[in-house]
Amino acid sequence: MTAKVEKRREFLINLLFLATILAIIYVFFKYLFWVTAPFLLTFFFAVLLQTPLRFIESRVKHKHHAFWSILLVVLSILIILLPLGLLIGSAVSKIADYIKQIVDQLNDIPTFLTTLEKDIIDIIRFLPDSLYKTTSESIHNFFTPLIEDFDISSVDLSSVKTGVSSGISSGISGMVSMMKNVPNIAIGVVIGIIAFIFFTKDYDRIVRFIQNQLPDNKKNLLVEIKQVFSKTILRMIRAYGLIMLITFFELFLGFSILSVMGIMKNNYYVFIAVLIAIFDIMPIAGSGGILVPWALISLVMGNYKQAIGIIVMYAIITVVRQYIEPKIVGDSLGVHPIVTLMGLYFGLKLFGFLGMFIVPITVMTLKAFNDTGRIHLWVPSKNNVIKLDDAKPK
């Protein structure tokens with residue numbers, strides 16, 4: 001009887017411990033993440049800069065720790081911001097051009113629907129006259145409202161004008177709202193850059209100060225956390241970044257071949273390849289979420305060569321992905337797809353779009369700490385236990 005009571009007591013304690021951790025995570029990401037983001041992110045980058053900083057100082061006669069720290073911070077900011085700014089500018093320009101191209105092509109949709117209606121009616125001419133007449137009238141009644149909906153010349157110009165005015169007003173309101181947040185964003189960026197410099201320059205002193213506040217049996221906690229991240233999270237980010245890069249080159253090469261062969265007439269295939277590569281890295285979704293519908297639309301539109309080319313590309317990407325992912329990522333680093341899917345859903349519901357990334361990464365972090373034995377939320381598989389090096393303060 002005592003053993004059963006003890007087991008129940010242990011179960012309730014573990015359940016309360018798990019509930020407390022989840023509550024802390026929820027409160028932090030819901031209310032504190034954006035407040036502390038400039039400091040958390042810059043400390044994370046400062047940790048990454050310690051390796052090149054120590055390497056440089058080991059190779060030069062005059063240490064000048066502060067100078068090399070500031071230089072590395074400036075270089076890392078330029079490396080991050082310049083490509084990001086160019087990418088965002090290019091993406092905005094390409095999206096605007098692409099939307100304009102789609103709007104210009106709306107005039108062709110009524111023609112396409114009219115031709116499709118005629119072709120279908122021609123195909124069913126083998127039917128008996130009475131059945132043919134009834135069927136052709138049904139087909140005509142189905143296509144007529146569609147053609148009228150897409151016929152720009154039949155649209156009420158006054159309603160278009162009202163819609164445009166409403167869109168402009170909404171756009172101006174959105175821009176004003178965004179401009180109000182610019183000062184806060186600018187202040188956050190400036191404070192983050194200053195914190196980045198201090199974290200990088202005084203990293204050893206900050207780590208020693210934090211270690212001095214911890215109990216003796218927790219002195220090496222920061223070193224263990226760093227090892228967990230280097231052995232799991234950073235390795236996964238690096239691995240999936242490499243997979244995304246390989247997928248992009250496969251798509252770029254495939255689109256280039258289709259373009260050279262005259263099968264695909266699209267000037268935005270580089271931008272499209274980037275978007276599909278990013279979409280491909282998301283759990284469950286994959287590149288098929290874009291390529292398969294695209295191939296089906298090409299098939300319906302009568303562009304059979306493009307449909308076949310896209311399907312072949314998708315098949316190659318899928319086969320290569322299935323082969324390289326286990327080798328690059330490794331089965332022991334990730335979590336089960338259903339857990340990732342739940343993380344995406346709950347992250348979206350609780351924290352919005354960013355939660356789709358925050359929650360799965362948090363789950364992977366908790367799994368990593370559980371596998372090392374630092375926390376005990378569940379019993380890990382023997383194959384998934386992460387062995388840390390002897391943690392020594394650095």
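It should be emphasised that the depicted structure is a prediction, and the values quoted were computed from it without experimental measurement.

This paragraph deals with helix H1 (residues 2–59). Over its 58 residues, H1 extends only 64 Å from the first C-alpha to the last, a length that falls short of the 86 Å expected when each residue adds 1.5 Å. Along its length, H1 shows its largest kink, about 75 degrees, at Phe33. Buried within H1 are the following residues: Ile21, Ile25, Phe29, Phe33, Ala37, Thr42, Ala46, Val47, Leu49, Gln50, Leu53 and Glu57.

Ranked by size, the top nonpolar core spans 17 residues in total, and within it Leu251, Phe255, Ile276, Leu291, Trp294 and Ile310 carry the most contacts. Broken down by secondary-structure element, the contributors of at least two residues to this core are helix H7 (221–260), helix H8 (269–281), helix H9 (288–300) and helix H10 (304–328). Filtering out sequence-adjacent residues up to four positions away, Phe255 remains in contact with Met264, Tyr269, Ile272, Ala273, Ile276, Trp294 and Met313. Core analysis: the next-biggest nonpolar cluster, separate from the first, contains 10 residues, Val73, Ile77, Phe196 and Phe199 among them.

So, on to the packing of H8 against H9. Two numbers describe how H8 lies on H9: the axes approach to 9 Å, and their chain directions differ by 125 degrees. As summarised for this structure, H8 and H9 are arranged oblique, according to the angle between their axes. Residue-level inspection shows Ile272, Ile276 and Phe279 of H8 in contact with H9, the latter providing Gly289, Ile290, Leu291 and Trp294. Looking at side-chain class alone, the contact of H8 with H9 contains 6 nonpolar, 1 polar and no charged residues.

Before going further, it helps to examine the side chain of Asp202. Looking at where Asp202 falls in the secondary structure, it is placed in the loop between helix H5 (157–201) and helix H6 (203–213). Reaching out from Asp202, the side chain makes a polar contact with the side chain of Lys201 at a distance of 3.2 Å.

Moving on to H8. For H8, which comprises 13 residues, the first-to-last C-alpha distance of 18 Å matches the rise-based estimate of 18 Å (1.5 Å per residue) to within 8%. When we look at burial in H8, the residues that qualify are Phe271, Ile272, Ala273, Ile276, Ala277 and Asp280.

Thresholds applied
Residues numbered from 1 in each chain as written. Predicted model: local features only at pLDDT ≥ 70, side-chain atom pairs only at ≥ 80, totals over all residues. Heavy atoms only, no water. Helix = DSSP H or I, 4+ residues; strand = E, 2+ residues; numbered from the N terminus. Expected span 1.5 Å × (residues − 1). Bend = angle between axes of the 7 residues up to and from the residue. Buried < 20%, exposed > 50% of the residue type's maximum accessible area, 1.4 Å probe, protein only. Core = buried A, V, L, I, M, F, W, Y, C linked by side-chain atoms within 4.5 Å. Contact = heavy atoms within 4.5 Å. Axes fitted to C-alpha atoms, helices over the stretch in contact; angles between N-to-C directions. Parallel < 35°, antiparallel > 145°, perpendicular 65-115°, else oblique. Nonpolar A, V, L, I, M, F, W, Y, C, P; charged D, E, K, R; others polar. Polar contact = N/O pair within 3.5 Å; in protein donor to acceptor, adjacent residues only side chain to side chain.

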